[in-house]
Amino acid sequence: MIALVFAGGELLHGAFVLLAFALACLPAAAAAALGAGIAGQVGAFSLSALIEVPLLARWANLRRARRLATNVDAIVGRRVKVLKPVGEEADGVVLLTGEHWKARSLAGDIEPGAEAQVVQRDGLCLLIVPLSRSST
């Protein structure tokens, strides 16, 4: 019965912790069926929980790590081409994958035609740094 309560809570929560506790109830139920006392049941539950919580946490982290960066997350680190001058105080325009974006420099003025890299996003404005500095 308690395993069903934990499993139901897991459906609402989704962090895999309650799932580990629900699965840990199964060895405790098996111990009860074999005639173990309350201490044996608690011991079986505790041992199972100690093993299952880290395993399910690792599995959940592996699932999250495999996700691809999409939309906003994929912009950071991308190269852009400056179309209109970009400064620390004045917004300019850059080209990113065929789209024009408003941009602001974090490292001085950047002239049109220069390449830069997106290091952060501030709303709809990209914060960029030049890829190379010319020595003029």
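Structure shown above.
These numbers come from a predicted model, not from an experiment.

Each value, and the rule that gives it
- Residues numbered from 1 in each chain as written.
- Predicted model: local features only at pLDDT ≥ 70, side-chain atom pairs only at ≥ 80, totals over all residues.
- Heavy atoms only, no water.
- Helix = DSSP H or I, 4+ residues; strand = E, 2+ residues; numbered from the N terminus.
- Core = buried A, V, L, I, M, F, W, Y, C linked by side-chain atoms within 4.5 Å.
- Buried < 20%, exposed > 50% of the residue type's maximum accessible area, 1.4 Å probe, protein only.
- Contact = heavy atoms within 4.5 Å.
- Patch = residues over 30% accessible without salt bridge, like charges linked within 9 Å, V, L, I, M, F, W, Y side chains within 5 Å.
- Areas by Shrake-Rupley, 256 points an atom, 1.4 Å probe, with all protein chains shown as cover.
- Salt bridge = Lys/Arg side-chain N within 4 Å of Asp/Glu carboxyl O.
- Lys, Arg positive; Asp, Glu negative; His and termini not counted.
- Charge placed at Lys NZ, Arg CZ, Asp CG, Glu CD.
- Polar contact = N/O pair within 3.5 Å; in protein donor to acceptor, adjacent residues only side chain to side chain.
- Pairing = 2+ DSSP bridges.
- Axes fitted to C-alpha atoms, helices over the stretch in contact; angles between N-to-C directions.

## Re unusual backbone geometry
Positive phi, normally seen in glycine, also occurs at Thr 97, with a value near 45°. Residue placement: Thr 97 occurs in the loop between β2 (92-96) and β3 (99-105).

## Quick look at the nonpolar core
Counting 13 residues, the largest nonpolar core has Val 80, Val 86, Val 94, Leu 126 and Ile 128 as its most contacted members. At the level of elements, β1 (79-84), β2, β3, β4 (115-122) and β5 (125-130) are the ones that each hand at least two residues to this core. The contacts of Leu 126, once residues within four sequence positions are left out, are Ile 75, Val 94, Leu 96, Trp 101, Lys 102, Ala 103, Arg 104, Val 118, Gln 120 and Arg 121.

## Observations regarding a negative patch on the surface
Together, Glu 88, Glu 89, Asp 109 and Glu 111 make up a region of like negative charge exposed at the surface. Its location among the elements puts Glu 89 in the loop between β1 and β2. Given the relative accessible area of 79%, Glu 89 is considered exposed.

## Some details on the side chain of Ser 105
Position of Ser 105 relative to the elements: it lies in strand β3. Residue classification places Ser 105 among the buried residues on the basis of a relative accessible area of 2%. A polar atom in the side chain of Ser 105 sits 2.4 Å from the backbone oxygen of Gly 108. Discounting residues that sit within four places of it in the chain, Ser 105 has contacts with Val 86, Gly 87, Glu 88, Ile 110 and Ile 128.

## Notes on the environment of Leu 55
Looking at the secondary structure, you find Leu 55 in helix α3 (residues 38-65). For Leu 55, a relative accessible area of 56% puts it in the exposed group.

## What to know about the environment of Gly 113
Relative to the helices and strands, Gly 113 resides in the loop between β3 and β4. What makes Gly 113 partly exposed here is its relative accessible area of 45%. Counting along the chain gives 19 residues from Gly 113 to Val 94, while the straight-line C-alpha distance between them is 9.4 Å.

## Focus on the pattern of salt bridges
Scanning the model with the defined rule gives 4 salt bridges in all. Glu 115 is the salt-bridge partner of Arg 79, the closest N and O atoms lying 3.9 Å from each other. In this pair, Arg 79 is assigned in strand β1 and Glu 115 in strand β4, connecting sequence segments 36 residues apart. Judged by its relative accessible area of 38%, Glu 115 is partly exposed.

## Re the sheet that holds β5
Pairing within the closed barrel is mixed, and its 5 strands lie in the order β1-β2-β3-β5-β4. Recorded for the sheet is a direction-independent mean angle of 55° between the axes of neighbouring strands. Bridge count between β3 and β5: 4 bridges; the pairing is parallel. From the neighbouring strand, Ala 103 faces β5, where its bridge partner is Leu 126.

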